[in-house]
Amino acid sequence: MTSSTWTSGCSLIAGRYFDGKSSAPLEATLEFGADGILRLHGLQQPVEAPLASVEISDRVGNIVRRISFPGGGVFETHDNDGVDRARDAAGMKRGLSVVNWLESRWQVAVASLGAVVLITFAFLTWGVPAIANWAAQVLPASMDSAIGNGSLEVLDRVAFEPSQLPAERQRQLEARFRAMTRPLNDGHNYELVLRDGAHGIGANAFALPSGIVVMTDQLVKESKSDDELVAVLAHEIGHVRGRHALRQLLSAAGVSAIAMALLGDVSSISGILTAAPTLLNAKNSRDFETEADNFSRQWLRENGIAESNFDAILCRIAGSAKGDDKYDYFASHPPTRTRAKCPATS
């Protein structure tokens, strides 16, 4: 029974009473007396208190209403309308419940949901990367070494074979790389490592956070001059100096924190933790590639090497990448046409 009744100047409301001593509820009826006294009926021991001494919870939709009595007793009822009528009759001002106001207006609820989505998207797109960039600037370079420790050993086991280049050729390239990185003083231990990437890696180069740059034999053979290789190495140095691996890791941690804040349940966030970082990391990867490209071009200009060397090797590796123009937003690298001046292909 949840309906309220009226008797000669008072309101009777059905509900349950918890006396604060036992967990078992007691069926009771609450009376808003015309004399300003609240009384509970149906109990072995009567309970009453002045209206001014009780605390009535604000209304939030149709959830249970709580009337707290002095001494710890609590009366609960689903008859929200009856409580509101009784308070009005007693001349009590209703506390303005913002939650109830929002809950009762679906337009506001929809607008609020849209605002949350937009704010979350904006923070993921711009806020998280900005915070990650700031954190990367203040963290020591030793963090990069910690992230990259053991990576080369794993790659050597699963992806690479020892370089097949002649020992003299390897020494030439390593010396060129040392000359490039010797002036740098950013806390990273730069080292060029040559590997055979015949098993699916192909013509490629990439940087580990610690400063190790791996370049494959296939890339060396694909180049037409050492200046082209230098352009690629400068690009990889740009990744290390930009601390892109650390920034990527910090961004992913930021996404996890936002998911926890929004959903609050670890078991419920698996979807967003797999989908959101994928999209965010794709954007970060494109931004990082652009940063590394810019560093490479600047280094080439400062050292008197034509930027066309970077264009030539990049376009040759990409092979005019078929489908390069599709799905740019989700691509982990910017389209080659936006990174280099490639010759037109028929």
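Each remark here, short or long, concerns the structure printed above.
On a predicted model such as this, the values are computed, not experimentally measured, just so you know.

Colleague: Honestly, the sheet that holds strand β10 (residues 191-196) in this entry has me stumped. Any pointers?
Modeller: Neighbouring strands of a sheet are bound in pairs by backbone hydrogen bonds; such pairs are parallel or else antiparallel. On the basis of which strands lie adjacent, the open sheet formed by four strands has the order β9-β10-β12-β11 and mixed pairing. Strands with a single pairing partner mark the edges of an open sheet, and in this sheet they are β9 (161-162) and β11 (205-207). Strand direction decides the pairing type here: β9 and β10, joined by two bridges, are antiparallel. In the strand pairing of β10, E161 is matched with D196. Here helix α5 (residues 151-158) sits on the sheet and contacts β10, β11 and β12 (212-216); the angle it forms with β10, its principal contact strand, is near 10°. Its contacts with the sheet put helix α8 (residues 226-241) on β10, β11 and β12, and the angle it makes with β11 is roughly 25°.

Colleague: Just to check I follow, could you spell out helix α1 (residues 80-89) for this structure?
Modeller: An α-helical segment advances 3.6 residues per turn. Residues three or four places apart therefore align on the same side. When α1 is considered as a whole, its buried residues turn out to be N80, G82, V83, D84, A86 and R87. One or two positions beyond α1, positive phi appears at G91, with a value near 80°.

Colleague: Would you mind going over the nonpolar core with me for this structure?
Modeller: Counting residues in each nonpolar core, the largest one holds 28 residues, and the members touching the most others are L173, L192 and M215. If you list the elements that add at least two residues to this core, you get α6 (167-181), β10, β12, α7 (217-222), α8, α10 (270-302) and α11 (308-318). Among the elements that make up this core, the one with the highest residue count is α8 (eight residues). One finds I13, L30, I67 and A86 within the second-largest nonpolar core, a separate group that totals 18 residues.

Colleague: What's the story with empty space enclosed by the protein in this structure? I'm lost.
Modeller: Left-over empty space is what a probe sized like a water molecule reveals as it rolls over the atoms. A complete count under the given rule lists one cavity of 30 Å³ or more for this structure. The space that makes up the largest cavity amounts to roughly 30 Å³. Taken together, L173, R176, D226, L229, V230 and L233 form the lining of the largest cavity. Examining the composition of the lining of the largest cavity, we find that four residues originate from one element, α8, more than from any other.

Colleague: Looking at this structure, how should I read the packing of aromatic side chains?
Modeller: To describe a pair of aromatic rings, you give the distance between the ring centres and the angle between the ring planes. Tallying each qualifying case throughout the model produces two aromatic pairs. Centre to centre, the rings of Y17 and F69 are 6.3 Å apart; their planes meet at 85°, and the pair counts as edge-to-face. Here F69 lies in the loop between β7 (65-68) and β8 (74-77) and Y17 lies in strand β2 (residues 10-18), a separation of 52 residues in the sequence. The burial state of Y17 is the same as that of F69; both residues are buried. Plain terms: the ring middles of F160 and F206 are 5.9 Å apart, the flat faces sit at 15° to each other, and that makes the pair stacked. Pair noted here: F160 is in the loop between α5 and β9 and F206 is in strand β11, with a separation of 46 residues, a long-range link.

Colleague: Please explain α11 as it appears in this structure.
Modeller: All of the buried residues along α11 are N309, F310, D311, I313, L314 and C315. Looking one or two places after α11, you find G319, whose phi comes out positive at around 60°.

Colleague: Would you take a moment to explain the pattern of salt bridges for this structure?
Modeller: A side chain of one charge can pair with a side chain of the opposite charge if their charged atoms are brought near each other. All told, the structure shown has 18 salt bridges when counted by the stated rule. As a salt-bridge pair, D81 and R59 come within 2.8 Å of each other at their nearest N and O atoms. Of the two residues, D81 sits in helix α1 while R59 sits in the loop between β6 (55-56) and β7, which places them 22 residues apart along the sequence. Since its relative accessible area comes to 42%, D81 is described here as partly exposed. Overall, R59 belongs to the buried group, its relative accessible area being 18%. Linking R297 and D311 is a salt bridge whose minimum nitrogen-to-oxygen distance equals 2.5 Å. Residue R297 is located in helix α10, and its partner D311 is located in helix α11; the two are separated by 14 residues in the primary sequence. Residue D311 is classed as buried on the basis of its relative accessible area, which comes to 9%.

Conventions we followed
- Every residue gets a number counted from 1 within its own chain, in the order that chain's sequence is written.
- This being a predicted model, a pLDDT of at least 70 is required before a residue's local features are given, and a value of 80 or more before pairs of side-chain atoms are given or counted; all residues contribute to the totals for chains, interfaces and linings.
- As a convention, hydrogens and water are excluded, and side-chain values are obtained from all of the structure's heavy atoms.
- Whether two strands pair comes down to DSSP finding at least two bridges between them.
- Under the scheme used here, helices are H or I runs from DSSP no shorter than 4 residues and strands are E runs no shorter than 2 residues, and both carry numbers assigned from the N terminus.
- Here, residues are in contact when the closest pair of their heavy atoms is within 4.5 Å.
- In this analysis an axis means a line fitted to C-alpha atoms, helices contributing only their contacting stretch, and an angle means the value between N-to-C directions, from 0 to 180 degrees.
- Each residue is placed in one exposure class: buried if its accessible area under a 1.4 Å probe, protein chains only, is under 20% of its type's maximum, exposed if it is over 50%, and partly exposed if it falls in between.
- Here the nonpolar core consists of buried residues drawn from Ala, Val, Leu, Ile, Met, Phe, Trp, Tyr and Cys, with membership extended through side-chain atoms lying within 4.5 Å.
- Only protein atoms enter the calculation, which uses a 1 Å grid: trapped sets of points that fit a 1.4 Å probe without letting it out are cavities, open sets showing protein on both sides within 12 Å along at least five of seven lines are pockets, and any residue with an atom within 4 Å of a point is a lining residue.
- Grid points are joined across faces, edges and corners, and a volume is the space filled by probe spheres set on the points.
- Pairing of aromatic rings covers Phe, Tyr and Trp, the last counted by its six-membered ring, and requires centre-to-centre distances within 6.5 Å; plane angles under 30 degrees mean stacked, over 60 mean edge-to-face, and any other angle means tilted.
- Each reported salt bridge corresponds to a side-chain nitrogen of Lys or Arg within 4 Å of a carboxyl oxygen of Asp or Glu.

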